[in-house]
Amino acid sequence: MVIQILLLCGLIIFSGLAILFKDLLKAALSLAVASLFLGIIFFRLNAPYAGVFEISVVAGLITVLFILTIALTKKEGEVEEAKLAKVVFPLFFILFLIIDGLVMKSLLQKVPSLPSGPEAGTFGEVLWKQRTFDLVAQIGVIFAGVLAVLALFRKKEDDKDE
Amino acid sequence: MVFSFIVIPLLVAAFLPIIGKFSKKLVPDVLTNAALAFLLFNSILLVKPIFNQGTIVQNVNWFGEKVNLQVALDGFNLFMLFTISLVSLCISLFSIDYLEHYGHKANFYALLLVMIAGMNGLVLVPDLFSIYLFLEVAAVASYALVAFGLGYDELEASFKYLMLSVVASAFALLGITILFGMTGSLSFQAVAQGLQDLNARYVVGVCVAFFIMGFGLKAALVPFHAWLPDAHPSAPAPISAMLSGLLIKVSGVYALFRIIYSVIGMTPVLSQVLMALGTISMVVAALLALGQKDVKRMLAYSSISQVGYIVLGLALGTPLGIAGGLFHLFNHAVAKGLLFLNSGSIQHITGTRNLDELGGLGKRVPITAGTNLVGALSIAGVPPLAGFWSKLIIVIALIQAKQFGYALVAILASILTLWYYLLIQRKAFFGKISEKWLHIKEAPFWMSAANVILALICIFVGIFFTPVFKTWISPAAEALAKGIQQVLMWGI
Amino acid sequence: MSNLWFLYLFFSALLIFIGIYCLLTMRNLIKLFIAVEIISKGVSLAIVATGAVKNSVLLAQSLAITYIVVEVSLVATALALIINIYKKNKSLDVRLLSKLKG
């Protein structure tokens, strides 16, 4: 349990660093480290497939996409952030921490939930047989993403000769 | 076959980019319109079974093995499906001519079809997480479509829209996660049953707050409306019509009220909160619309205001109120679709959307002016057009439920609506024509055709109000008014 | 068991708070999108933890994977938008994006 809490704290710290770093590259990398922590937390929660996906896709693929974008916009992409926002951040963070803790503590005994038995079947069966509709929707989302990228990066010359 | 509403648009969208390599215009045009016409036909075919049976639940078997591809259709879903098919067919007809100067038609149509597939899926699935997913399908396609012109405004509006809407769907998903945690399942039926057994009012209240934040932002209710007046006017005209006419209603209003009525169950407190939200959006957006110079921005604010009416009617909770809200949803989808397409025609004809520059177009472009007048009067609620009846029903329902204050505000807001629509008419179509517009021509055939079809629907529904109301709106309202019982009866 | 659920929800609420704070105060477009990523981490933590605590981790896992797929296509779209905006005004400053006023 202690290890789990440490991992969660690491996740929070690296997410916080991701927004505090001025250098975008460092920010993207600490986001990747945060994903790594999240992936390990998933493993320890008995969700190995989600963990693998989190580490390979979010920490891997999405970070690569981020770094690509940062590289493409490097030249004049520096933006002066507001100083105040970063200084005030710890204050707000601690405030929210306290509120969050109080809310969660007061809700602790109040959420009723149905008793649940152990789950039957394997992961593959659940994914294919219970959540089949999600797979259709996933195909839709992937189409939408691919077509969106195609539309946003289409060549200008084509517009003229049509 | 109910499943075709999701599969056909996706299949056509998958092939369109490849076909687009060989045929840049003709084949994509024909294919898209044929697919959408087929869906419209299909949804009309389903009217009779729904009218007789009440609900249809279909399962698909994948090579003889049982998989969970299940769609559930009742009056409410069918009503939404029909609205989506009808308006999107007109929009794609309009795009035939309008998209000429954007180019890349195949890509545009593919995105449009993915968006329609997303909306159809959202309407059909009886499962909370799938609702979120299809909402995301439609949303990702809509970000790209808003930015389709690749101009400065388009990109900016699309980015803002994306940021806000990602946060919105995160909140909606959190609400879904909490319900999942309490009941251990995600299908409407099981969650509704579980919540009945649990009687957990406070936690459900938290979930509803998340849903109102998430779906309310998608529907652009007033505290969450900031993205809409940017995103809707910046998009190409057919997409504005799509977003304002359909997407905010499907991914905002439909999702919110489907979950509230069929899963969580309506309570008096919730009803009051939603009615207050609806009224605030109705009034604030109508006031904001008055000051706009850009035709499309004015229409966008008007959309927020009219969504307020729909929410007010649906949140009232009496069968008549729900029927009025749904009827107004349909009328607004048709009329606002018409007005946005029409603003596209105006832009195509004159090259500007600024009301101060326009004037006296009426004599030169009678079809555009006439259809615009019909749409505007229908939304503003002038008899005998369709919008009049739906607003009348909402007001009567409010009076029946003894909510006189809301009824009064609804009537006053309707007068405000009439005022700013007459403003458009006066500035754009009447008055003296300026020298600049002496040589303008009427919009191309398909653009005018789409406008005329939608205008005819406005008039037709207004005149044949009683049969339309009986066959279309009442079953939908009944399905919703039955609330949780309706879902528990599905017998899945 | 339900105490554990609240522990995880506590952390996921923190992540969402960090994301929203960043979204409200930062000016760099890429930073804003990093904020969105942090929010979605919070959501996926909530999903998996809910499943793990409530004995339905297999279901929660498949939801989380689907969520990650959605995230990828969102990221691709958003980054394409950002690159296009950068091409237009040679800057990533969000304050330049104020031509339209909601």
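Asker: Any chance you could explain the overall build of chain C here in plain terms?
Answerer: Broken down by element type, chain C carries three helices and zero strands. Across chain C, helices and strands are ordered from the amino to the carboxyl terminus as α-α-α. Here the C-alpha atoms of chain C give a radius of gyration of 17 Å, more than 25% beyond the 13 Å that 2.2 N^0.38 yields for 102 residues. Principal axes of the C-alpha set define a box for chain C whose edges measure 50 × 25 × 20 Å. Burial analysis of chain C (102 residues in total) assigns 72% to the buried set. Long-range pairs, those at least 24 residues apart, make up 49% of the contacts in chain C with a sequence separation of at least 6.

Asker: How should I be thinking about the overall build of chain B in this particular structure?
Answerer: Within chain B one finds 20 helices and two strands. Computed over the C-alpha atoms, the radius of gyration of chain B is 21 Å, within 12% of the 23 Å expected from 2.2 N^0.38 for a compact globule of 492 residues. Viewed in the frame of its principal axes, chain B has a C-alpha envelope of about 70 × 60 × 40 Å. Within chain B, the fraction of its 492 residues that count as buried is 64%. If you take every contact in chain B between residues at least 6 apart in sequence, the share linking residues at least 24 apart comes to 80%.

Asker: Can you walk me through the packing of helix α6 (residues 132-152) of chain A against helix α6 (residues 128-146) of chain B in this structure?
Answerer: Geometry of a packed helix pair, given as the angle between the helix axes and the separation of the axes. Between α6 of chain A and α6 of chain B, whose axes approach to 8 Å, the crossing angle comes to 10°. Comparing their axes, α6 of chain B and α6 of chain A come out roughly parallel. Seen from α6 of chain A, the contacting residues are F133, D134, A137, G140, V141, A144, G145, L147, A148, A151 and L152 of chain A; seen from α6 of chain B, they are F129, S130, L133, F134, E136, V137, V140, A141, Y143 and A144 of chain B. Looking at the contact of α6 of chain A with α6 of chain B residue by residue, the class counts come to 16 nonpolar, three polar and two charged.

Asker: Help me understand the interface of chain A and chain C in this model?
Answerer: How big an interface is tends to be expressed through the accessible area that disappears when the partners come together. Residue-level contacts link 65 residues of chain A with 60 residues of chain C. Looking at the side of chain A that touches chain C, the elements that each hand over two or more residues are α1 (2-20), α2 (24-44), α3 (48-72), α4 (83-107), α5 (123-130) and α6 of chain A. If one sorts the elements of the side of chain A that touches chain C by residue count, α3 of chain A sits on top with twelve residues. The class makeup of the residues in the side of chain A that touches chain C is 44 nonpolar, 14 polar and seven charged.

Asker: I keep staring at the nonpolar core and nothing clicks. Help me out?
Answerer: Buried together is how nonpolar side chains tend to be arranged in soluble globular proteins. L111 and V114 of chain B are the most contacted members of the largest nonpolar core, which totals 300 residues. For this core, the element with the highest residue contribution is helix α3 (residues 57-89) of chain C, accounting for 20 residues. In contact with V114 of chain B, not counting residues within four places along its chain, are G140, F143, A144 and L147 of chain A together with P9, L10, A13, V137 and A141 of chain B.

Asker: Is there a simple way to explain the environment of L40 of chain B in this structure?
Answerer: Residue and element names in this part refer to chain B. Topologically, L40 is positioned in helix α2 (residues 26-45). Classification of L40 by C-beta neighbours within 10 Å gives partly exposed; the count is 19. The spatial distance from the C-alpha of L40 to the C-alpha of V7 is 14 Å, given a sequence separation of 33 residues.

Asker: Quick question: what am I supposed to make of the environment of L4 of chain C here?
Answerer: When you line up the elements, L4 of chain C lands in helix α1 (residues 2-25). Measuring from C-alpha to C-alpha, the distance between L4 of chain C and A49 of chain C comes to 8.7 Å, with 45 residues separating the pair along the chain.

Asker: Quick question: what am I supposed to make of unusual backbone geometry here?
Answerer: Negative phi is the rule for most residues except glycine; trans is the rule for most peptide bonds. Residue and element names in this part refer to chain B. Here the bond from P383 into P384 is cis, since omega is 5°, no more than 30 degrees from zero. Within the element layout of this structure, P384 appears in the loop between α15 (366-380) and α16 (386-400). The backbone phi angle of L150 is positive, close to 60°, even though this residue is not glycine. Secondary-structure assignment places L150 in the loop between α6 and α7 (152-183).

Asker: So what exactly am I meant to see when it comes to the packing of α2 of chain A against helix α2 (residues 29-53) of chain C here?
Answerer: In the contact formed by α2 of chain A and α2 of chain C, the axes pass within 11 Å of each other and the chain directions differ by 5°. Put simply, α2 of chain A runs roughly parallel to α2 of chain C. Residues L24, A27, L31, A34, L38 and F42 of chain A of α2 of chain A lie in contact with α2 of chain C, whose contacting residues are I30, K31, I34, E37, K41, L45 and V48 of chain C. Residue composition of the contact of α2 of chain A with α2 of chain C, by class: ten nonpolar, no polar and three charged.

Asker: Hey, could you run me through the confidence of the model for chain C in this one?
Answerer: Residues shown with low pLDDT carry predicted positions that ought not to be read at fine detail. All names here are of chain C. Mean pLDDT for chain C: 85, with 90% of residues reaching 70 or above. Within chain C, the lowest mean pLDDT, 87, falls on α1, and the highest, 91, falls on α2. Among the scores for the predicted complex, ipTM is 0.93 and pTM is 0.92.

Asker: Got a minute to help me understand the interface of chain B and chain A in this structure?
Answerer: The interface of chain B with chain A comprises 42 residues on the first partner and 30 residues on the second. In terms of residue count, the dominant contributor to the side of chain B that touches chain A is α6 of chain B (ten residues). Considering only residue class, the side of chain B that touches chain A consists of 27 nonpolar, eleven polar and four charged.

Asker: So what exactly am I meant to see when it comes to α3 of chain A here?
Answerer: Every α-helix winds through 3.6 residues per turn, so residues three or four apart in the chain are directed the same way. If you check α3 of chain A, its first and last C-alpha atoms are 34 Å apart, about what 25 residues at 1.5 Å a residue would give, namely 36 Å. The largest bend along α3 of chain A measures about 25° and falls at E54 of chain A. Of the surrounding elements, those touching the buried residues of α3 of chain A are α2 of chain A together with α2 and α3 of chain C.

Asker: Just to check I follow, could you spell out the environment of F10 of chain C for this structure?
Answerer: Considering the arrangement of structural elements, one finds F10 of chain C in helix α1. Linking F10 of chain C and A46 of chain C, residues 36 residues apart in sequence, is a C-alpha distance of 9.2 Å. Contacts of F10 of chain C, omitting those with residues within four sequence positions, involve D100, G101 and M104 of chain A.

Asker: Sorry if this is basic, but what is going on with the confidence of the model for chain B here?
Answerer: Here chain B averages 87 in pLDDT, while 98% of its residues score no lower than 70. At the level of individual helices and strands, chain B shows its lowest average pLDDT in strand β1 (residues 56-62) of chain B, which scores 73, and its highest in α6 of chain B, which scores 92.

About the criteria used
- Residue positions are given per chain, counted from 1 along the sequence in the order it is written.
- Note on labels: chains are lettered from A, ligands numbered from 1, in written order.
- The predicted origin of the model limits local features to residues at a pLDDT of at least 70 and limits the giving and counting of side-chain atom pairs to 80 or more, whereas totals for whole chains, interfaces and linings rest on all residues.
- The numbering of helices and of strands both runs from the N terminus, where a helix is a DSSP run of H or I of at least 4 residues and a strand a run of E of at least 2.
- Computation of the radius of gyration draws on C-alpha atoms, with the globule rule given as 2.2 Å multiplied by the number of residues to the power 0.38.
- To sort residues by burial, count the other C-beta atoms lying within 10 Å of each one's C-beta; a count of 20 or more means buried, 12 or fewer means exposed, and anything in between means partly exposed. C-beta atoms are built from the backbone.
- Each residue is represented by a C-beta atom placed from its backbone, and any two residues with such atoms within 7 Å are regarded as in contact.
- Angular values range over 0 to 180 degrees, each being the angle between N-to-C directions of two axes fitted as lines to C-alpha atoms, with helices fitted over their stretch in contact.
- Orientation labels follow simple angle bins: below 35 degrees gives roughly parallel, above 145 gives roughly antiparallel, 65 to 115 gives roughly perpendicular, and whatever is left gives oblique.
- We call Asp, Glu, Lys and Arg charged. Ala, Val, Leu, Ile, Met, Phe, Trp, Tyr, Cys and Pro are nonpolar, and the rest, Gly among them, are polar.
- In these notes, a nonpolar core means any group of buried Ala, Val, Leu, Ile, Met, Phe, Trp, Tyr and Cys residues linked to one another through C-beta atoms within 7 Å.
- Residue-level confidence of the predictor is what pLDDT reports, using numbers from 0 through 100.
- The span expected for a helix works out to 1.5 Å for each residue beyond the first.
- One axis fitted to the seven residues ending at a residue, another fitted to the seven starting there: the angle between these axes is the bend at that residue.

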